[in-house]
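Given next are the chains, with one letter for each unit.
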Amino acid sequence: MTLKNTLFLLAIFFWAICAFSFIHTPKASSYSIDELRKLYSSGDNTTWPEPLLDSVVMPYYQEIGSLPEMQFPINNPFSKEKLKLGKALFFDPRLSSSKQIACASCHDSEIAWGDGRRFSYGHDRQLGKRNAMTLFNIGYYDSLFWDGRASSLEDQVHFPLQDSLEMQSTPEIAVKHLQEIEGYKPLFQAAFGDTSINFEKIKMAIATFERSIVSRKSKFDRFIGGDSLRFTDQEVWGLHLFRTKARCVNCHHSPLFADNKFHNTGLSYYGRKFEDLGKYNVTNNPSDVGKFRTSSLREIAVSKPYMHNGLFPHLEGVINLYNAGMPHPKRKQHQLDDPLFPTTTDLVQELHLADEEQEALEAFLLTLSSRQVRERPPAFPH
């Protein structure tokens, strides 16, 4: 072998070593992968590296972690009988005016308690205007829907019931339909102590069932709980990026991986087709234009499509747009004095993530999903 060939082979060897290190070493971090693995799987999040947070987030930041036990409200405590009734009502299309659309029509356990569609079909096959959010872990939210218009799970029941694009019903119609079904009387008796049927009981029972829709332990939960070999090097790196350079924890923190707040991420389509003003439609506060709920990242592998309008069918597209800094619309001449012109939150900004960093981030996000279990529909009372 000539000296020239030997030098060429050595150059290829060292290039391969450098390329491997480039792929597997976290960027902009003083920690090695082994150090990060040890810290994040220690079972003690106080030893974790400091998250990269904006100053406005620091006062209310909650560290990511495993979900706590679900809490039930004092005025609607848990009971197995109420859960059983709530499940029957959730799956029963007879609450709708047509007797054809149930809560489960848009929230299917086989599709991450969503429906896998950009927009859902409702009454007379009409299409809704927003993506049906997954019901996974819905009991941990402070308010409900993309725009926060419901203050509790009990409160949210009447919104889809009365929406003309969804069930096009009323509390009175729902109660009337159920009163005609003899088989519901023993279920109400067991859950509430008497056979009378009213809408307050219906709401309490459905809310009880919905609070039972909780994620199982994910790969992430097991890793941070001490199973240090559960994550690949790429997933460890992705977790660290999630908390630091990728800035995800500014909005997606707490065990829910959501801050229970509303932000404008630049997707209101203001003044264009598909315009949606978000929380403003509820509050009429100009500062709320374009703001939507931060969705939980738990079960993200199976809860596509993403965003309030179901814009992204794949997680890669979401990451790409966040990496680019999300849209920041600029006012045109005729909009200079428009009090409703939306302002994209400063919490999203250009990230400058390399391709392999985006891939590591996606690999980590996929660890937040748990084993899916189909909820067997109940036998309907007759």
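Residues numbered from 1 in each chain as written. Predicted model: local features only at pLDDT ≥ 70, side-chain atom pairs only at ≥ 80, totals over all residues. Heavy atoms only, no water.

Draft legend 1. Layout of the overall build of the chain. In terms of regular secondary structure, the chain is built from 13 helices and two strands. Dimensions of the chain along its principal axes, counting C-alpha atoms only, are 95 × 55 × 40 Å. A burial count over the chain gives 51% of its 382 residues as buried. Accessible surface for the chain amounts to roughly 19,200 Å². Of this, 55% is attributable to carbon and sulfur atoms. (Helix = DSSP H or I, 4+ residues; strand = E, 2+ residues; numbered from the N terminus. Buried < 20%, exposed > 50% of the residue type's maximum accessible area, 1.4 Å probe, protein only. Areas by Shrake-Rupley, 256 points an atom, 1.4 Å probe, with all protein chains shown as cover.)

Draft legend 2. Representation of helix α6 (residues 171-179) in the model. Of all the positions in α6, only Pro171, Ala174, Val175, His177 and Leu178 are classed as buried. Looking straight down α6, one finds that the buried residues subtend no more than 160° of arc, so they occupy a single side. Elements that come into contact with the buried residues of α6 comprise α3 (80-91), α5 (158-162), α7 (185-192) and α8 (199-211). (Arc of directions from axis to C-beta. Contact = heavy atoms within 4.5 Å.)

Draft legend 3. Representation of the packing of aromatic side chains in the model. Overall, the coordinates contain 17 aromatic pairs when judged by the stated rule. Ring centres 6.2 Å apart and planes at 65° place the aromatic pair Tyr184 and Phe188 in the edge-to-face group. Here Tyr184 matches Phe188 in class, with each residue buried. Sitting over the face of the ring of Phe262, Lys279 holds its NZ or CZ atom 4.2 Å from the ring centroid. (Phe/Tyr/Trp six-rings, centres within 6.5 Å; stacked < 30°, edge-to-face > 60°. Lys NZ or Arg CZ within 6 Å of the ring centre and 35° of its normal.)

Draft legend 4. Layout of the nonpolar core. Phe220, Phe242, Phe364 and Leu365 are the most contacted members of the largest nonpolar core, which totals 37 residues. Put simply, the parts of the chain that give this core at least two residues each are α2 (33-40), α9 (219-224), α10 (233-243), α12 (315-323) and α13 (355-365). Discounting chain neighbours no more than four positions away, the residues touching Phe364 are Phe220, Phe231, Glu235, Gly238, Leu239, Phe242 and Phe257. Ranked by size, the runner-up nonpolar core spans 21 residues in total, among them Val157, Leu161, Leu178 and Ile197. (Core = buried A, V, L, I, M, F, W, Y, C linked by side-chain atoms within 4.5 Å.)

Draft legend 5. Expanded view of the side chain of Ser218. In this structure, Ser218 sits in the loop between α8 and α9. Looking at Ser218, the relative accessible area reads 2%, which means it is buried. In this structure the side chain of Ser218 is engaged in a polar contact, spanning 3.4 Å, whose partner is the backbone oxygen of Thr367. Each residue touching Ser218, except ones within four places of it in the same chain, is listed here: Arg298, Thr367, Leu368, Ser369 and Ser370. (Polar contact = N/O pair within 3.5 Å; in protein donor to acceptor, adjacent residues only side chain to side chain.)

Draft legend 6. View of α8. The end-to-end C-alpha separation of α8 is 18 Å, in line with the 18 Å expected for 13 residues at 1.5 Å each. Within α8, twelve of the 13 residues are buried, which leaves the element mostly enclosed by the surrounding structure. Of the positions making up α8, those classed as buried are Phe199, Lys201, Ile202, Lys203, Met204, Ala205, Ile206, Ala207, Thr208, Phe209, Glu210 and Arg211. As for α8, its buried residues are in contact with α3, α4 (153-156), α5, α6 and α7. (Expected span 1.5 Å × (residues − 1).)

Draft legend 7. Spotlight on the environment of Ser287. Locating Ser287 in the fold gives a position in the loop between α11 (280-283) and β2 (292-293). Remark: the alpha-carbon pair of Ser287 and Thr343, spanning 56 residues in sequence, is separated by 8.3 Å. Engagement of the side chain of Ser287 in a polar contact is seen with the side chain of Asn285, the distance being 2.9 Å.

Draft legend 8. Geometry of the layout of surface pockets. Taken as a whole, the largest pocket spans an internal volume of roughly 1,000 Å³. Lining the largest pocket are 48 residues; nearest its centre among them are Arg130, Asn131, Phe145, Arg149 and Glu166. For the lining of the largest pocket, the secondary-structure elements that each account for two or more residues are α4, α5 and α8. A per-element tally of the lining of the largest pocket places α8 first, with four residues. The residue makeup of the lining of the largest pocket, split by class, is 28 nonpolar, ten polar and ten charged. (1 Å grid on protein atoms, 1.4 Å probe; cavity = no way out; pocket = protein on both sides within 12 Å on 5 of 7 lines; lining within 4 Å. Points joined across faces, edges and corners; volume = space filled by probe spheres on them. Nonpolar A, V, L, I, M, F, W, Y, C, P; charged D, E, K, R; others polar.)

Draft legend 9. Broad picture of the confidence of the model for the chain. In the predicted model, the chain carries a mean pLDDT of 92, and the fraction of residues at 70 or more is 92%. This stretch, residues 3-28, has a pLDDT under 50; its non-local contacts, to residues over four places away or in other chains, come to 16 contacts. (pLDDT = per-residue confidence, 0-100.)

Draft legend 10. How the structure looks around the pattern of salt bridges. Summed over all chains, the structure comprises 20 salt bridges. Put simply, Asp194 and Lys201 hold a salt bridge, and the shortest N to O gap is 2.6 Å. Judged by relative accessible area, which is 10%, Lys201 ranks as buried. Linked by salt bridges that have partners in common, Arg130, Asp147, Arg149 and Asp276 make up one network. (Salt bridge = Lys/Arg side-chain N within 4 Å of Asp/Glu carboxyl O.)

Draft legend 11. Structural context of the environment of Glu356. Structurally, the position occupied by Glu356 is in helix α13. Expressed as a C-alpha distance, the spacing of Glu356 and Arg94, which sit 262 residues apart in the sequence, is 51 Å.

Draft legend 12. Structural detail: the environment of Ala258. Here Ala258 shows up in the loop between α10 and β1 (262-263). When its relative accessible area of 3% is taken as the criterion, Ala258 is described as buried. Once the C-alpha coordinates of Ala258 and Asp155 are considered, the two residues, 103 residues apart in sequence, prove to be 21 Å apart. Contact partners of Ala258, with chain neighbours within four places excluded, come to Cys251, His252, His253, Thr294, Ser295 and Ser296.

Draft legend 13. Structural view of the packing of α3 against α8. Following both chains from N to C, one finds α3 and α8 inclined at 95°, their axes separated by 7 Å at the closest point. By the angle between their axes, α3 is roughly perpendicular relative to α8. On the side of α3, the interface is formed by Lys82, Leu83, Leu85, Gly86, Lys87, Leu89, Phe90 and Phe91, while α8 contributes Ile202, Met204, Ala205, Ile206, Thr208, Phe209 and Glu210. Classifying every residue of the contact of α3 with α8 gives ten nonpolar, two polar and three charged. (Axes fitted to C-alpha atoms, helices over the stretch in contact; angles between N-to-C directions. Parallel < 35°, antiparallel > 145°, perpendicular 65-115°, else oblique.)

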